[in-house]
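# Observations on the model geometry
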Amino acid sequence: MDRGISLGKSRAVEFAHRASIHFMMENYADARGDFTSALRLSPDEASYYIGRGFARFRIGDRENIIAEFLDFRKAFDLDPANSKYRPLFERLGFFKTAI
């Protein structure tokens with residue numbers, strides 16, 4: 001059972017790496033698809049939600065803006081202390097600030 005889980009996570013990393021390459025090549029739809037595949041195998045990885053959210057943003061499909069927002073929100077829920085993503089989380093209003 002553990003071997004299957006580790007193989008799933010390993011395969012998820014492969015999808016995420018390919019998604020990153022697609023993203024750098026501006027193949028955003030393919031990047032979104034590979035990040036989605038990675039998430040099916042490893043749904044607790046915040047960076048995959050961030051990647052898919054940015055791919056959705058770059059596609060520019062404003063009809064799916066809620067899905068884009070939810071990807072960023074899920075990443076925040078999984079890893080709110082991640083300093084790399086904190087500026088994004090702050091801009092999206094995920095942190096409450098004292099007045």
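All figures in this text were calculated on a predicted structure; none of them were measured in a lab.

## A few points about the overall build of the protein chain
- For the protein chain, the count of helices and strands is five helices and zero strands.
- For the protein chain, the N- to C-terminal ordering of α and β elements is α-α-α-α-α.
- A buried classification covers 34% of the 99 residues belonging to the protein chain.
- Of the roughly 6,700 Å² that the protein chain leaves accessible, carbon and sulfur atoms contribute 55%.

## Comments concerning the pattern of salt bridges
- Inspection of every chain in the model, using the stated rule, returns six salt bridges.
- The partner of Arg52 in a salt bridge is Asp71, and the shortest N-O contact between them spans 2.6 Å. Taken together, the residues Arg52 in helix 3 (residues 46-59) and Asp71 in helix 4 (residues 65-78) connect sequence positions 19 residues apart. Comparing Arg52 with Asp71 shows no difference in burial state: the two are buried.
- Note that Asp71 is salt-bridged to Arg56, the shortest N-O span being 2.7 Å. Here Asp71, found in helix 4, pairs with Arg56, found in helix 3; they are 15 residues apart in sequence, far enough to count as distant.
- Judged by relative accessible area, which is 18%, Arg56 ranks as buried.

## Considerations on unusual backbone geometry
- Although it is not a glycine, Glu26 sits at a positive phi angle of roughly 65°.
- Accessibility expressed as a relative area gives 57% for Glu26, which makes it exposed.

## Some points on the confidence of the model for the protein chain
- Summary statistics for the protein chain give a mean pLDDT of 84 and a share of 86% for residues scoring 70 or more.
- Segment residues 1-5 is flagged for pLDDT under 50; beyond a separation of four residues in sequence, or across chains, it makes zero contacts in the model.

## A few points about a nonpolar patch on the surface
- A cluster of nonpolar side chains, namely Ile65, Ile66, Phe69, Leu70 and Leu92, defines an oily patch on the protein surface of about 440 Å² accessible area.
- Residue placement: Ile66 occurs in helix 4.
- By relative accessible area, which is 60% here, Ile66 ends up exposed.

## Concerning the packing of helix 3 against helix 4
- Helix 4 packs onto helix 3 with a crossing angle of 160° between their chain directions and a minimal axis gap of 8 Å. Of the possible angle classes, the one that applies to helix 3 and helix 4 is roughly antiparallel. For the element pair helix 3 and helix 4, the recorded crossing hand is left-handed. Residues Ala46, Tyr49, Ile50, Arg52, Gly53, Phe54, Arg56 and Phe57 of helix 3 form the contact with helix 4, whose own contacting residues are Ala67, Glu68, Asp71, Phe72, Lys74, Ala75 and Leu78.

## Things to note about helix 3
- If you check helix 3, its first and last C-alpha atoms are 20 Å apart, about what 14 residues at 1.5 Å a residue would give, namely 20 Å.
- Looking one or two residues beyond helix 3, the residue adopting positive phi is Gly60, at roughly 80°.

## Re the nonpolar core
- With 18 residues, the main nonpolar core has Ala38, Tyr48, Ile50, Ala75 and Phe89 as its most contacted residues.
- Listing elements by their share of this core, those giving two or more residues are helix 1 (2-24), helix 2 (28-41), helix 3, helix 4 and helix 5 (86-91).

Rules behind the numbers
Residues numbered from 1 in each chain as written. Predicted model: local features only at pLDDT ≥ 70, side-chain atom pairs only at ≥ 80, totals over all residues. Heavy atoms only, no water. Helix = DSSP H or I, 4+ residues; strand = E, 2+ residues; numbered from the N terminus. Buried < 20%, exposed > 50% of the residue type's maximum accessible area, 1.4 Å probe, protein only. Areas by Shrake-Rupley, 256 points an atom, 1.4 Å probe, with all protein chains shown as cover. Salt bridge = Lys/Arg side-chain N within 4 Å of Asp/Glu carboxyl O. pLDDT = per-residue confidence, 0-100. Contact = heavy atoms within 4.5 Å. Patch = residues over 30% accessible without salt bridge, like charges linked within 9 Å, V, L, I, M, F, W, Y side chains within 5 Å. Axes fitted to C-alpha atoms, helices over the stretch in contact; angles between N-to-C directions. Parallel < 35°, antiparallel > 145°, perpendicular 65-115°, else oblique. Left-handed = near helix turned anticlockwise from the far one by under 90°. Expected span 1.5 Å × (residues − 1). Core = buried A, V, L, I, M, F, W, Y, C linked by side-chain atoms within 4.5 Å.

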